[in-house]
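# Report on the structure
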Amino acid sequence: MIRAGLLRGIFLKAVYPLMLVFGWLFRIDKEKIQRTLIDVNNRLIRTNPKHTKKLLLLLPHCLQLSDCNIKITYNVYNCAGCGRCEIKDFTAIAQELGLELFVATGGTIARRVVEKTRPEAIIAVACERDLSSGIIDTYPLPIIGIVNERPFGPCFNTRVDINKVRDALVFFAGIGEKA
Ligand code: SF4
């Protein structure tokens, strides 16, 4: 039987590019194809549990409320914890569980953070485009991708279902229940 890790590699590096070509030919919405990649990746990750506490939680900058002037890109703990956005909840979870938590303003910074922190697994929240490219670029590192919610359109006051993030934490480290 082919191992889930290898299967994931084949899917990300060989099947997905073909899906993109197929999607382009038949005018299938690219975001739908990217979402499929994220779903299949997450399912394959869950078939092969990797337990570690060296976890990195990557969040998009647009999760921060647009009228908050606090700079959290380089130090998310600058957040004053007013609770108007979910950054407060994530800093609390990360501090409690001793996780590395970073807010990235884009894919380039996210990749730099991964290189610097050298995690054994990643939970990333982002849009379909950033998640799909990040999942491919960081392979074979295990990564669970969670698509953000965009009630006001892209890159503006986005949200995420915190329960999905907790669920991913439980999966990787079995520590999320304490959060
Ligand atoms: S929770 Fe933190 S980041 Fe969000 S609006 Fe309040 S101070 Fe700003």
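These lines cover the structure that appears in this document, whether it is placed above or below. (Residues numbered from 1 in each chain as written. Predicted model: local features only at pLDDT ≥ 70, side-chain atom pairs only at ≥ 80, totals over all residues. Heavy atoms only, no water.)

### With respect to the overall build of the chain
Check the secondary structure of the chain and you find six helices and four strands. Along the chain, helices (α) and strands (β) appear in the sequence α-α-β-α-β-α-β-α-β-α when read from the amino end. Whereas a compact globule of 179 residues would reach a radius of gyration of roughly 16 Å, the chain reaches 16 Å, a difference of no more than 12%. Buried residues in the chain amount to 45% of all 179 residues. Residue pairs in contact within the chain that sit at least 24 positions apart in sequence constitute 64% of those at least 6 positions apart. Total accessible area on the chain is roughly 10,100 Å²; 56% of this is exposed by carbon and sulfur atoms. In the chain, which carries 25 positive and 17 negative side-chain charges, the distance between the mean positions of the two groups comes to 4 Å. (Helix = DSSP H or I, 4+ residues; strand = E, 2+ residues; numbered from the N terminus. Rg over C-alpha atoms; globule rule 2.2 N^0.38 Å. Buried < 20%, exposed > 50% of the residue type's maximum accessible area, 1.4 Å probe, protein only. Contact = heavy atoms within 4.5 Å. Areas by Shrake-Rupley, 256 points an atom, 1.4 Å probe, with all protein chains shown as cover. Lys, Arg positive; Asp, Glu negative; His and termini not counted. Charge placed at Lys NZ, Arg CZ, Asp CG, Glu CD.)

### Focus on the site of the ligand
Neighbouring the ligand are Q64, L65, C68, I70, C79, A80, G81, C82, G83, C85, I87 and K88. Taken together, the residues that form the shell around the ligand break down as eight nonpolar, three polar and one charged. (Near = heavy atom within 4 Å. Nonpolar A, V, L, I, M, F, W, Y, C, P; charged D, E, K, R; others polar.)

### Considering the sheet that holds strand β1 (residues 55–60)
Sheet strands pair by backbone hydrogen bonding; their relative direction is either parallel or antiparallel. Spatially, the four strands line up as an open sheet ordered β2-β1-β3-β4, and their pairing is parallel. Looking at the sheet topology across the chains shown, the edges are occupied by β2 (100–104) and β4 (143–147). The sheet shows a mean angle of 15° between the axes of neighbouring strands, taken without regard to direction. Looking at chain direction, β1 and strand β3 (residues 121–126) are connected through four bridges and run parallel. Across the sheet, residue L56 finds its bridge partner in β3, namely I122. (Pairing = 2+ DSSP bridges. Axes fitted to C-alpha atoms, helices over the stretch in contact; angles between N-to-C directions.)

### Some words on the packing of aromatic side chains
Taken as a whole and assessed by the stated rule, the structure comprises three aromatic pairs. Seen in terms of ring centroids, F22 and F26 are 4.7 Å apart; in terms of plane orientation they differ by 40°. Their pairing is tilted. Overall, F26 belongs to the exposed group, its relative accessible area being 54%. Directly above the aromatic system of F171 lies the positively charged group of R46, at a separation of 5.1 Å from the ring centroid. (Phe/Tyr/Trp six-rings, centres within 6.5 Å; stacked < 30°, edge-to-face > 60°. Lys NZ or Arg CZ within 6 Å of the ring centre and 35° of its normal.)

### Points about the pattern of salt bridges
Here the idea is simple: oppositely charged side chains can pair when their charged atoms come close. Counted according to the given criterion, the structure contains eight salt bridges. Of the charged contacts, one joins D67 and R84 as a salt bridge, the two residues approaching to 3.2 Å between their closest N and O atoms. Taken together, the residues span a long stretch of sequence, with D67 in the loop between β1 and α3 (87–97) and R84 in the loop between β1 and α3 at a distance of 17 residues. Assessed through its relative accessible area of 46%, R84 is described here as partly exposed. (Salt bridge = Lys/Arg side-chain N within 4 Å of Asp/Glu carboxyl O.)

### Structural notes on the nonpolar core
Counting 29 residues, the largest nonpolar core has L59, F90 and I123 as the members making the most contacts within it. Of all the secondary-structure elements, those providing two or more residues to this core are β1, α3, β2, β3, β4 and α6 (162–173). Here the element with the most residues in this core is α6; it accounts for seven residues. In this structure, I33, L37, A126 and L141 belong to the second largest nonpolar core, which totals 23 residues. (Core = buried A, V, L, I, M, F, W, Y, C linked by side-chain atoms within 4.5 Å.)

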